[in-house]
Structures are given as C-alpha cells and as structure tokens.
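Results of the structural survey
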Amino acid sequence: MSTNPIYREQLQEAQRGPHTAKLFGIRFPLMVEPYTFDSAGALSEDYDGGYWEFYILSNGGFYMAPTSRESFHVVCANGFEGDLSADAFGITACLYAYSLLSFAADDDLAAECTRQYHWLREYAAQHPEAASIWKATD
C-alpha cells in the first residue's frame, strides 16, 4: 500500500472512451459498466440509473461515481446499513464489481480488475468515508 497521497482527476467526456478502452478494452461496456451499475442497484434502493463521472487515480486506478444524488442509503448483505456520499457509493460499487470480475474466465479482464480493486482500495483508505466504505465492502 502506498504511503503517498493518491490524487484523482476527473476524465473529460472526450477522454472517457479512450481511457476505459485502454484499461478494459471492449469488456468495459460489456462487463465492467453493467457489473458496476448492477452492484449499485443491489446496494441501494435509491439508485435508479443516471450519469456517472469517471475518475483516474495517480496510482493507476480508475473508478466511477453517480451524479444523480448527493448521497445514497446503502444496505449490504454483510449487515452494513448507512448513508454514503455519491463518491463513496461509486467507490463501493466499483469495488464490488472489480471483486466479482476478478474471478472472470477472461484472464486479462480478471487481472485488470484485480489491479483496479487494489488501486481503488489504496485510494479509498484515504477517503473521508473510508470507515463506511470498509464496512460496506467487508
């Protein structure tokens, strides 16, 4: 785990496709996005779709966060229940998706999602809502 602060940068609209294609190829719109959106729907009844911002991290990571609400009430199968900001909710949904996809039959996708999972956890560790993100993903 990095001891240096990890910074995020929001991708502009024109950067979104090229960046996700570089990381995941065609698997982004076919698997990564749908798994993330499905995870969001399973985590919160508040989630009903909408636009998501894309972020790159200074450690190589990538995540998305919805813009449709300021916060989401989350109920997890592990017993966690609480409210997360849209940013923390996006991080949590991406961690769920990356975790699931790290077991994909496609070895390249599994390897990239494993890397993304760990890079995003490094960033989440410094997030103001880190304790809630850990409880939601434990």
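Residues numbered from 1 in each chain as written. Predicted model: local features only at pLDDT ≥ 70, side-chain atom pairs only at ≥ 80, totals over all residues. Heavy atoms only, no water.

Once that is clear, we can look at helix α3 (residues 86-101). With 16 residues, α3 ought to run about 22 Å at 1.5 Å a step, and its terminal C-alpha atoms sit 22 Å apart, in line with that. Counted residue by residue, α3 has 13 buried out of 16 residues, so it is predominantly covered. (Helix = DSSP H or I, 4+ residues; strand = E, 2+ residues; numbered from the N terminus. Expected span 1.5 Å × (residues − 1). Buried < 20%, exposed > 50% of the residue type's maximum accessible area, 1.4 Å probe, protein only.)

Take the sheet that holds strand β3 (residues 62-66) next. Across the sheet, 3 strands lie side by side as β1-β2-β3; this open sheet has antiparallel pairing. Only two strands of the sheet have a single neighbouring strand rather than two, namely β1 (8-10) and β3. Strand-to-strand twist across the sheet, computed as the mean angle between neighbouring axes with direction ignored, equals 35 degrees. In the sheet, β1 pairs with strand β2 (residues 52-57) via 3 bridges, with the strands oriented antiparallel. Note on β2: the bridge partner recorded for Q10 is Y55. Sheet strands touched by helix α1 (residues 13-24): β1, β2 and β3. Its angle to β2, the strand with the most contacts, is close to 55 degrees. Strands β1, β2 and β3 of the sheet are contacted by α3, whose axis makes an angle of about 130 degrees with β3. (Pairing = 2+ DSSP bridges. Axes fitted to C-alpha atoms, helices over the stretch in contact; angles between N-to-C directions. Contact = heavy atoms within 4.5 Å.)

Most of β3 is tucked away, with 5 of its 5 residues classed as buried. By the alternation rule, side chains of β3 split into F62, M64 and P66 and Y63 and A65, which are all buried. As defined by bridge partners, β2 adjoins β3 across 5 bridges and the pair is classed as antiparallel. Looking across to β3, one finds that W52 is bridged to P66. Here β2 folds back onto β3 in antiparallel fashion, the turn holding 4 residues, of which G60 has a positive phi close to 105 degrees.

With that out of the way, let us pick up the nonpolar core. F24, F62, Y63, F89, I91, Y98 and L120 are the most contacted members of the largest nonpolar core, which totals 39 residues. Put simply, the parts of the chain that give this core at least two residues each are α1, α2 (27-43), β2, β3, β4 (71-75), α3, α4 (107-124) and α5 (130-137). Residue contributions to this core peak at 9 residues, all from α3. For F89, the residues in contact, after removing those within four places along its chain, are A40, L43, S44, Y47, P66, F72, V74 and L84. (Core = buried A, V, L, I, M, F, W, Y, C linked by side-chain atoms within 4.5 Å.)

Across 5 bridges, the pairing between β4 and strand β5 (residues 81-85) is antiparallel. Among the inter-strand pairings, F72 is bridged to a residue of β5, identified as L84. Between the end of β4 and the start of β5, which pair antiparallel, lie 5 residues, with G79 showing a positive phi angle near 100 degrees.

Here the focus is the packing of aromatic side chains. Taken as a whole and assessed by the stated rule, the structure comprises 13 aromatic pairs. Ring centres 5.8 Å apart and planes at 25 degrees place the aromatic pair F24 and F28 in the stacked group. Side by side, F24 and F28 carry an identical accessibility label, which is buried. Measuring from centroid to centroid gives 6.3 Å for Y47 and F89, while their planes differ by 45 degrees, and the two rings are tilted. Note that Y47 is positioned in the loop between α2 and β2 and F89 in helix α3, a separation of 42 residues in sequence. According to the relative accessible area criterion, Y47 is buried, its value standing at 12%. The class for F89 is buried, based on a relative accessible area of 0%. Clustering of aromatic rings is evident, with ring pairs tying together F24, F28, F54, F62 and Y98. Its end group placed over the ring of F72, R69 keeps NZ or CZ at 5.8 Å from the ring centre. (Phe/Tyr/Trp six-rings, centres within 6.5 Å; stacked < 30°, edge-to-face > 60°. Lys NZ or Arg CZ within 6 Å of the ring centre and 35° of its normal.)

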